[in-house]
Amino acid sequence: MAKDSKYMIIDGIRAEFTDEKNILQVIHKVGIHVPTFCYYSDMSIYGACRMCVVEDERGSVIASCSTPPRDRMVIRTNTSRLHDYRKMILELLLASHCRDCTICEKNGNCRLQMLAARYRLTDIRFPNTHPDRMIDDSSKAIVRDPSKCILCGDCVRMCNEVQHVGAIDFAGRGADMMVTPAFNRKIADTDCVNCGQCAAVCPTAAITIKKNLKAVWKALYEPDKRVVVQVAPAVRVAIGEEFGLKPGKNSIGKIFTALRMMGFDTIFDTSVGADLTIVEEAAELVRKLENGEKTYPEGNRFPLFTSCCPGWVRFVETKHPDLMPYVSTCKSPMEMFGAVIKEYYKAADKESGMETVSVAVMPCVAKKYEASREEFKRNNVPDVDYVITTKELIRMIKELGIQFNEIEPSSPDMPFSISSGAGVIFGVTGGVTEAALRHVAEKDNETLRQLEYSGVRGLEGVKVAEVEIGDRTLRIAVVNGLGNADDLIEKIRAGEEHFDFVEVMACPYGCIGGAGQPFGYQIVKEERAQGMYKADKSAIIKRSEENPVVSQLYETGVLKGKSHELLHVNYMKSVEE
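In this report, the structure presented in the accompanying data block is examined. All of these numbers come straight from a predicted model, not from anything done at the bench.

This part is about the side chain of Asn547. Within the element layout of this structure, Asn547 appears in the loop between helix H17 (522-538) and helix H18 (548-555). Among residues more than four places away in sequence, those in contact with Asn547 are Asp275, Ile418, Ser419, Ser420 and Ile541.

Printed below as a string of structure tokens:
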């Protein structure tokens, strides 16, 4: 042990520290969980809830989230005074909170409920002043219930600081304070991008994900409906956490089995749609590199931006509409596969009198909004009828009593039963870029190994890489989190940066951190990312164009002569309107 190392004494335990920003981080190192409502390490310190207070050696009560650690500092995290203090805070919160816990959306997963149980609150000394406020369900993605808000500010900081959207903020003062869009508008009337990250960090049920389960169950019970489901790549490495499996465990086989037990008629992997996306998007990149000066408003000043993420597309539409010509015209993997599925079953539906209902299981909340867009409807019929999140699928599994840990894995159905490793890694930030590079790079194992270490992997908010493709050097950026994307765009506009290709995912850490996934801190998302790359390593096919299902679709299948119609979209019309 180094003599000059800095340390604190926490509840009698020596805890060394180096670059920890606050006492709370040092406390976590010694295995003590101090309760919090408003603290997230990747957002600014707010210090509103005061649940994380500790006592120092002088008896002063200080907030551990906002106090930097000092060498040889002595603190206690659990005293009679602190215990009473925290219980008082909880009582005051519950005195103005809806207590219909058994029918609440977050029953069993609410931090307020958990802490009330932890501190054995069986009686509230204060009268219930629970406000009766209107529920806002105008959004396709989220539902706001202001009456369940505890004013922790998590959603506000996420929307403003991390995502740079600014759809919600504090309004009013004192007892009238609330979180709301400006002028108390409906959330659907704002520039909300439907990413759902506000709901992901909300500790209560003040903001939740909009559910589509009732409609899906209804379709499953109707005999004249052929219910087809696709499962996004990132779902496989997160769903098991709710059933006792380690984060990152690939559970796709068990997911397929569970879906069959629920009554889904045909089950596919969205990785097939990802393979289609790579073939189309890589071709679009090549065209831009060769003809960009002629075909784009400002030539090749701006890169080709990916279009897989609907939250990102919406962000460009609302905040940077002049960049829409540079957003790929490729549909997202979900929408590409949805169009292929509906087209594939069209003849059979007409002959049998059946109706194909297309369901997608996604880690992403913005997919609910995407599926409802007019651009993804043909003859006023959506290519994807319903989107449910990973958490909704978990609820369905539990509702049926399926013992997820005990069921045997199975495979996806024909005719779309094969996907590549490139399609699987779409679920992690940098995956789209790596898959595209595999497609245009030399087709040998050494190139694959080089791409693995090219700099596009990792969970950093912004990654920059230069990759040699033939006789050309491509400059690439991989971005996750809309705030990071916003900052990068400003650098490109100012001429400080130049890229050929930019991948953007709206959610921090990419789809593995989507708002529809079980909540997890960074270490959990790192394990999910490793699970995605392990799935890629075990895949027999590494490149999208080598997938025989993709080849068949283009050569003799439903994409023959119709690939552009089914796989591309024109967002510009909605922007111009």
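That shown, we press on.
Spatially, E2-E1-E5-E3-E4 is the arrangement adopted by the five strands of the open sheet, whose pairing is mixed. Of all strands in the sheet, those with a lone pairing partner are strand E2 (13-17) and strand E4 (61-63), marking the two edges. On average, adjacent strands in this sheet sit at an angle of 40° to one another, irrespective of strand direction.

With that out of the way, let us pick up the sheet that holds strand E19 (residues 501-505). Taking strand neighbours across the sheet as the criterion, the four strands line up as E12-E19-E18-E17 in an open arrangement whose pairing is mixed. Each having just a single partner strand, strand E12 (304-305) and strand E17 (462-469) make up the two edges of the open sheet. Direction of pairing for strand E18 (residues 472-480) relative to E19: parallel, over a ladder of five bridges. Its bridge partner being in E19, Ile476 is matched across the sheet by Phe501.

Here we take up the packing of helix H9 (residues 310-319) against helix H16 (residues 482-493). One can describe the packing of H9 onto H16 by two numbers: an axis separation of 11 Å at closest approach and a directional angle of 45°. Classified by the interaxial angle, the pair formed by H9 and H16 is oblique. H9 and H16 meet at a crossing whose hand is right-handed. Facing Gly311, Trp312, Phe315 and Lys319 of H9, the residues of H16 in contact are Leu482, Ala485, Asp486 and Ile489. Residue classes in the contact of H9 with H16 are distributed as five nonpolar, one polar and two charged.

Our focus in this paragraph is a nonpolar patch on the surface. Among the surface-exposed residues, Phe519, Tyr521 and Ile523 lie close enough to one another that they form a single nonpolar patch of about 330 Å² accessible area. Turning to its location among the elements, Phe519 is positioned in the loop between E19 and H17.

A few words now on H18. Within H18 the residues assigned to the buried category are Val549, Val550 and Leu553. Across the axial projection of H18, the buried residues extend over an arc of 100°, all falling on one side. Here the buried face of H18 lies against helix H8 (271-295) and helix H10 (333-352). Residue Asn547 occupies the N-cap position of H18, its side-chain oxygen lying 3.0 Å from the main-chain nitrogen of Val549.

Calculation criteria
Residues numbered from 1 in each chain as written. Predicted model: local features only at pLDDT ≥ 70, side-chain atom pairs only at ≥ 80, totals over all residues. Heavy atoms only, no water. Helix = DSSP H or I, 4+ residues; strand = E, 2+ residues; numbered from the N terminus. Contact = heavy atoms within 4.5 Å. Pairing = 2+ DSSP bridges. Axes fitted to C-alpha atoms, helices over the stretch in contact; angles between N-to-C directions. Parallel < 35°, antiparallel > 145°, perpendicular 65-115°, else oblique. Left-handed = near helix turned anticlockwise from the far one by under 90°. Nonpolar A, V, L, I, M, F, W, Y, C, P; charged D, E, K, R; others polar. Patch = residues over 30% accessible without salt bridge, like charges linked within 9 Å, V, L, I, M, F, W, Y side chains within 5 Å. Areas by Shrake-Rupley, 256 points an atom, 1.4 Å probe, with all protein chains shown as cover. Salt bridge = Lys/Arg side-chain N within 4 Å of Asp/Glu carboxyl O. Buried < 20%, exposed > 50% of the residue type's maximum accessible area, 1.4 Å probe, protein only. Arc of directions from axis to C-beta. Polar contact = N/O pair within 3.5 Å; in protein donor to acceptor, adjacent residues only side chain to side chain.

Keep in mind that these numbers describe shape and distance, not what the molecule does.
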